[in-house]
Amino acid sequence: MMEDFNSETDSDYTSYWRDWFISSRGNEYFCEIDEEYLTDRFNLTGLNTEVPYYQYALDLVTDVFDLDADDDLREQIEKSARHLYGLVHARYILTTRGLTKMAEKYKKGDFGKCPRVMCEGHPLLPTGQHDIANMSTVRLFCSKCEDIYNPKSSRHASIDGAYFGASFTSMLFQVFPHLLPEKSTRRYEPRIYGFRVHSSAALARWQDRFREETRTRLQDADVQVKYIEDDEEEEQEDEEDEAQTVDSREAARGDAASMDLGR
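All values derive from a computational prediction rather than experimental measurement.

K.L.:
Please explain the nonpolar core as it appears in this structure.
P.N.:
The tendency in soluble globular proteins is for nonpolar side chains to be buried as a group. Trp 17, Leu 84, Val 88 and Phe 164 are the most contacted members of the largest nonpolar core, which totals 50 residues. Elements with a minimum of two residues in this core: helix H1 (10-23), helix H2 (35-38), helix H3 (54-61), helix H4 (71-92), helix H5 (96-107), strand S1 (124-127), strand S2 (139-142) and helix H7 (168-175). The greatest single-element share of this core, amounting to seven residues, is contributed by H4.

K.L.:
Just checking my understanding: could you explain the packing of H3 against H4 for this structure?
P.N.:
When two helices pack together, their arrangement is given by the angle between their axes and by how far apart the axes lie. Where H3 meets H4, the closest approach of the two axes is 8 Å, and the angle between their N-to-C directions is 75°. Judged by the inter-axis angle, H3 sits roughly perpendicular to H4. Contact with H3, carried on its side by Tyr 54, Tyr 56, Ala 57, Leu 58, Leu 60 and Val 61, involves Ile 77, Glu 78, Ser 80, Ala 81, Leu 84 and Tyr 85 of H4 and no other residues of that element.

K.L.:
Help me understand a nonpolar patch on the surface, please; the structure alone is not making it clear to me.
P.N.:
Together, Leu 94, Met 171 and Val 175 make up an exposed nonpolar region whose accessible area comes to about 220 Å². Among the structural elements, Leu 94 can be located in the loop between H4 and H5. Residue Leu 94 is classed as partly exposed on the basis of its relative accessible area, which comes to 34%.

K.L.:
What should I look at first to understand the packing of aromatic side chains in this one?
P.N.:
Two aromatic rings are characterised by how far apart their centres lie and by the angle between their planes. Following the criterion strictly, the structure yields nine aromatic pairs and no others. With centroids separated by 5.3 Å and ring planes inclined at 35°, the aromatic side chains of Phe 30 and Phe 164 adopt a geometry described as tilted. Separated by 134 residues along the polypeptide, Phe 30 in the loop between H1 and H2 and Phe 164 in the loop between helix H6 (154-157) and H7 bring together distant segments of the chain. For the pair formed by Phe 30 and Phe 164, the shared burial category is buried. These aromatic residues form a ring-pair network of at least three members: Phe 21, Tyr 29, Phe 30, Tyr 85, Phe 111, Tyr 163 and Phe 164.

Reading the values: rules and limits
- Residues numbered from 1 in each chain as written.
- Predicted model: local features only at pLDDT ≥ 70, side-chain atom pairs only at ≥ 80, totals over all residues.
- Heavy atoms only, no water.
- Core = buried A, V, L, I, M, F, W, Y, C linked by side-chain atoms within 4.5 Å.
- Buried < 20%, exposed > 50% of the residue type's maximum accessible area, 1.4 Å probe, protein only.
- Helix = DSSP H or I, 4+ residues; strand = E, 2+ residues; numbered from the N terminus.
- Axes fitted to C-alpha atoms, helices over the stretch in contact; angles between N-to-C directions.
- Parallel < 35°, antiparallel > 145°, perpendicular 65-115°, else oblique.
- Contact = heavy atoms within 4.5 Å.
- Patch = residues over 30% accessible without salt bridge, like charges linked within 9 Å, V, L, I, M, F, W, Y side chains within 5 Å.
- Areas by Shrake-Rupley, 256 points an atom, 1.4 Å probe, with all protein chains shown as cover.
- Salt bridge = Lys/Arg side-chain N within 4 Å of Asp/Glu carboxyl O.
- Phe/Tyr/Trp six-rings, centres within 6.5 Å; stacked < 30°, edge-to-face > 60°.

Shape descriptors only; they carry no functional weight alone.
This is the structure we're talking about:
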């Protein structure tokens, strides 16, 4: 792989490496890190102890690699460069510029869609369960059902979760709260000939009671959580109130008419 870079100029070399890395199959979750961020040593603090051949890997990513090494060493440097890029990526996507890039990918659905039927294809976000490398692979977070899933592709499933970190998704919605979807209490209800299955109905009643208790506790704590169904219930209540008002008016008119006839 590295031999393909030898014929390029220094400027084209790194540009080609970064473009190649981002466009490689399995790396679709990554965004491109700005060169200014990569060349600022403050942003790389502490990474020299986590990445083998750190200086060579950094030279490869920042367009100054010119070492004449054998194939085995080149392969190790290439592996270290990927690892270094991933660790820097976890820091970069917490910056304003990085969050903006990832938000654009999120809106385009580049990370896939939620497999839960009730989420109706809501876009996912990559997230890590740990900030330390080699502890867990990347997961996909759905902000609608607030659950995490394994990537479908084995190429994506092998990505280290530390390359995205455990804080990214929360930070994204803090900066872009308008991207948060409305929560929903909809769930699948097993039925036989239109009737709920008894055990499932009992579970549903318990879930409804637990949700109401949780909502009451949140309200007592001054935390307002609104669900889509709340709007539907309000509309239904308004329609019922309007119907009762109409019935009351008609009844009043009827009584008035009866009194006139009695006179």
